[in-house]
Amino acid sequence: MVTSEKNPDAMVPDIHPSVPDGGWGWMVVLAGFMQTALVFGVIRSFGVFFVEFVAYFGETSSAVSWVISAGVAILQFASPMGSALSSRYGARPVVMAAGSLASLGLLLASFSTSLTHLYLSIGLVAGLGWALVFTPSMAAVAHYFEKRRTLATGLAVSGAGVSSLAFSPIFQYLVGLYGWQGALLLLSGMSLNLLAAGALLRPLVSEGDQSTSEKSTNSHWLGTLASLFALELLHHGPFMRYVLVFVLVDTGYFVPYAHLVAHAREVGCDEYEAAFIMSAAAVADMFGRVFAGWLADSRVFGRLVHSLTLWTILTGFSLTLLPLGHSFSSLMPLGIGYGVFAGALVPLQFASLVEIVGTGYLLGAIGLMHMLESVGALLGTPLSGWLRDMTGNYTVSFITSGVFLLAGALVLFTLPNYFSCSKPLETRTRRAMQPQGQETFALTRITDQKRDLFQAEKETC
C-alpha cells in the first residue's frame, strides 16, 4: 500500500507502483494496434462480405445484418469474461487463446451453407474470440500510460483504421478471385497473428498479485465472483449513465461499416469505388484517432469528457449527412468526414472512463461497459437493414443512426460536475480500489470503499 500525494491519509493499493509512460509500454501499444486491426478492422470491412451474403443466400438485408451484428454484440457482451479471465490468469495467455478462437470461427464460416451457420461461426465463435482479445489489451495500454494515456490509446485503436484501408479492397479482390468462402479461409489464417500480439502483453507487475488464486480460500464465492467482474460498478450512477451513452452511440455507430458499401452500390458506384470509399474513410478514421488522442492530452478542452462530447456530436451529424451522397464524388468527402469524427470518438471512450472509475477499476469497467452496450450494437445494424427494406433506400437508416449518437451526447451532459472545467480527483477515486477478489468485499453490503467510490463522483480538484 502507498499513500496518495494529494491526500496522505488516503491509502491507495500499490497495484502499479510506477507508470512507465513509455518503455515496454510502446510494445503494448503495438500489440493493441495489431489486435484492433485484426478485430475491428475485419468488422469494419465486412461490408464487402455483406453484399456477397445477400446475393448468395438470397436473404433480406435485415437478416444478413444479424451476422456481423451478432459478432459485435458477442464481442461486447462477453467482455466481462475477458476481464475476469485476465484477472485470474493474466492478459497474455487469455489473448493468445482468444486469437485461436477467432481464427477458428472464421475458418468454420468459410464452410457455411446457411445464415444459421454464419450466425454461429462468426457471431458466436469469432465474436467470443474478439471479446477475449479486446478488453485485456485496452486495459494494458491504460495501465502503462498516465500522462500520455489518451495518445497511447489513440495509437493502439488506430489499427482498425489502417487495416480497414487495406482490408476493404483486399477482401474485394479475394472475393473476386476465390469467392467469399476462400476469402474467409484466408482471413482465418490472418487472424492467427493475434497470438503474436498477445505474446507482447508483458504484465506491468506480477499478475499473481491480482490473481484470485492467492486469495483466501475462506472468501465467499459470490464475493469472489463479484470482484472478478467488478459488479459493484453496477451501483455506480455516473458509470451507468456513461454506459447508457454508448448503448445509444453503438446503435448508430456501426451502421456505415455494414451498409455504406451497399448504399454506394445502390447510388451507382461500382464495387471497387464502393470499397475505395470505405478505405478513404479508414484513413480518415486513423487520423482522427491519433489527432483526438494528441488533442485530448494537450487539455485544450479541459476535461476528456468535454472532448468526447464534441466528437460524439460531430459523428452524429456526419451520419445524418451520408444520404446526401448520390455519387462517388459526393460520397467520398462525406465518408471521409464520418471517418475522422468516428475515429476520434474511440480513444476518448476508454480514456474518459478513467475519469469516471479510476485506473484500478478500469479492466472490470471496460468489460462491463462492453457487455451492457452490446444491446445497441445488436439492434443497430438490423434496425438499419429493416428500415432500408421498408423504405427502399438507406436515407432513413443513416438519419436514424445519427439521431442515436446525438441522443448519447445529450446524456453526457448529465454526468456529475460536467460543466466544471476541473479534472475529477483521480486519486480520491482510487481510494475505492481493492485488489480484485479481496475477501473483505461483500456483494450485499456497502463497504467503506464503495462509499468512497460514490463520493468520488462528486469531487473535483
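This is a predicted model, so every value here is computed, not measured. Per chain, the residues get numbers from 1 upward, laid out in the order the sequence is written. It should be noted that, the model being predicted, local features are given only for residues of pLDDT at least 70 and side-chain atom pairs only at 80 or more, the latter also being counted only at that level, while totals for whole chains, interfaces and linings use all residues. Think of the side-chain values as coming from all heavy atoms in the structure, minus any hydrogens and water.

Looking now at the overall build of the chain. Comment: elements are numbered from the N terminus, with helices defined as DSSP H or I runs of at least four residues and strands as E runs of at least two. When its secondary structure is counted, the chain shows 19 helices and 2 strands. The buried share of the chain, reckoned over its 461 residues, is 59%. Contact criterion: two residues are considered in contact whenever any of their non-hydrogen atoms come within 4.5 Å of each other. Nonlocal contacts in the chain, meaning residues at least 24 apart in sequence, comprise 85% of its contacts between residues at least 6 apart. Each residue is placed in one exposure class: buried if its accessible area under a 1.4 Å probe, protein chains only, is under 20% of its type's maximum, exposed if it is over 50%, and partly exposed if it falls in between.

One side-chain nitrogen of Lys or Arg within 4 Å of one carboxyl oxygen of Asp or Glu is enough to make a salt bridge. This model, assessed by the stated rule, comprises 2 salt bridges. R388 serves as the salt-bridge partner of E266, at 2.5 Å between the closest nitrogen and oxygen. Residue E266 is located in helix α12 (residues 255-266), and its partner R388 is located in helix α16 (residues 362-391); the two are separated by 122 residues in the primary sequence. Accessibility expressed as a relative area gives 37% for E266, which makes it partly exposed.

Next up on the list: helix α3 (residues 61-77). In a regular helix each residue adds 1.5 Å, so 17 residues correspond to 24 Å; α3 covers 24 Å between its end C-alpha atoms and thus fits that length. Largest kink in α3: about 30°, centred on V67. Taking burial as the measure, the 17 residues of α3 include 14 buried ones, the bulk of the element. To estimate the expected span of a helix, count its residues, drop one, and scale the result by 1.5 Å. Bend is computed residue by residue as the angle between axes fitted to the seven residues ending at the residue and the seven residues starting at it.

With that out of the way, let us pick up helix α8 (residues 159-191). Helix length check: α8, at 33 residues, gives a terminal C-alpha distance of 14 Å against a target of 48 Å (1.5 Å per residue), a shortfall beyond 12%. For α8, the principal kink sits at Y178 and spans about 120°.

Moving on to the packing of aromatic side chains. Think of it this way: a Phe, Tyr or Trp ring, Trp meaning its six-membered ring, pairs with another when their centres are within 6.5 Å, and the plane angle makes it stacked under 30 degrees, edge-to-face over 60, tilted otherwise. This structure, assessed with the given rule, holds 20 aromatic pairs. Residues Y56 and W180 carry aromatic rings whose centres are separated by 5.3 Å and whose planes lie at 80° to one another, so their mutual orientation is edge-to-face. Of the two residues, Y56 is situated in helix α2 (residues 47-57) and W180 in helix α8; the sequence distance between them amounts to 124 residues. Members of the aromatic cluster, joined through ring pairs, are F49, F53, Y56, F57, F167, F171 and W180. When the ring centre of W24 is taken as reference, the NZ or CZ atom of R202 above it lies at 3.8 Å. Here, a charge over a ring means that NZ of Lys or CZ of Arg falls within 6 Å of the ring centre while also lying within 35 degrees of the ring normal.

Axes here refer to lines fitted to C-alpha atoms; in helices the fit is confined to the stretch in contact. Angles between the N-to-C directions go from 0 to 180 degrees. It is at 10 Å that the axes of helix α15 (residues 328-357) and α16 come closest, and there the two elements cross at 115°. Relative to α16, the crossing made by α15 is right-handed. In contact with Q349, F350, L353, V354 and V357 of α15, α16 contributes L362, A365, I366, M369, H370 and E373. Throughout this entry, Asp, Glu, Lys and Arg are counted as charged residues, while Ala, Val, Leu, Ile, Met, Phe, Trp, Tyr, Cys and Pro are counted as nonpolar. The remaining residues, Gly among them, count as polar. The class makeup of the residues in the contact of α15 with α16 is 8 nonpolar, 2 polar and 1 charged. Note on convention: near helix rotated counterclockwise from far helix by under a right angle means a left-handed crossing. Clockwise means right-handed.

The next subject is a nonpolar patch on the surface. A surface patch of nonpolar side chains, about 450 Å² in accessible area, is lined by L104, L107, L108, F111 and L185. The biggest single contributor to the nonpolar patch is helix α5 (residues 91-109), with 3 residues. As for its placement among the helices and strands, L185 is situated in helix α8. Like charges within 9 Å and nonpolar side chains (Val, Leu, Ile, Met, Phe, Trp, Tyr) within 5 Å are joined into patches, using only residues over 30% in relative accessible area that form no salt bridge. Using a 1.4 Å probe, accessible areas were evaluated by the Shrake-Rupley method; residue-level cover was limited to the displayed protein chains.

Another aspect to go through is the environment of A126. Within the secondary structure, A126 sits in helix α6 (residues 115-144). C-alpha of A126 to C-alpha of G105: the two residues are 21 residues apart in sequence and 4.3 Å apart in space. Setting aside residues no more than four positions away along its own chain, A126 makes contact with L101, A102, G105, L106 and S121.

What follows concerns the packing of α2 against α8. The contact between α2 and α8 brings their axes to 10 Å, and the two run at 35°. Crossing handedness for the pair α2 and α8: right-handed. On α8, the residues touching V48, F49, E52, F53, Y56 and F57 of α2 are S168, F171, Q172, V175, W180, Q181, A183 and L184. Residues belonging to the contact of α2 with α8 are distributed by class as follows: 10 nonpolar, 3 polar and 1 charged.

With that settled, the discussion passes to the side chain of S110. Secondary-structure assignment places S110 in the loop between α5 and α6. With relative accessibility at 7%, the residue S110 sits in the buried group. Looking at S110, its side chain comes within polar contact range of the main-chain oxygen of L107, at 2.6 Å. Once residues within four sequence positions are removed from consideration, S110 is found in contact with Q181, L184 and L185. Here a polar contact is taken to be a pair of N or O atoms separated by no more than 3.5 Å, where protein atoms must pair a possible hydrogen donor with a possible acceptor and residues adjacent in sequence count only if both atoms sit in side chains.

Notably, N417 is not glycine yet its phi reads approximately 55°, a positive angle. Tracing the backbone shows N417 in the loop between α17 (395-412) and α18 (426-429).

On to the side chain of T36, then. Position of T36 among the secondary structure elements: in helix α1 (residues 25-44). A residue is classified by how much of its surface remains accessible, and T36, at 2% relative accessible area, is buried. Contacts of T36, omitting those with residues within four sequence positions, involve G41, F134, M138, A156, V157, G159 and A160.

This part is about the confidence of the model for the chain. A score from 0 to 100, pLDDT tells how confident the predictor is in each residue. Per-residue pLDDT for the chain has a mean of 77; in total, 80% of the residues score no lower than 70. At the low end of the mean pLDDT range in the chain sits strand β2 (residues 11-12), at 31; at the high end sits α17, at 92. Counting contacts from residues 1-17, a segment whose pLDDT is below 50, to residues more than four positions away or on other chains yields 35 contacts. Scored below 50 in pLDDT, residues 206-219 shows 28 contacts in the model against residues more than four places distant or in partner chains.

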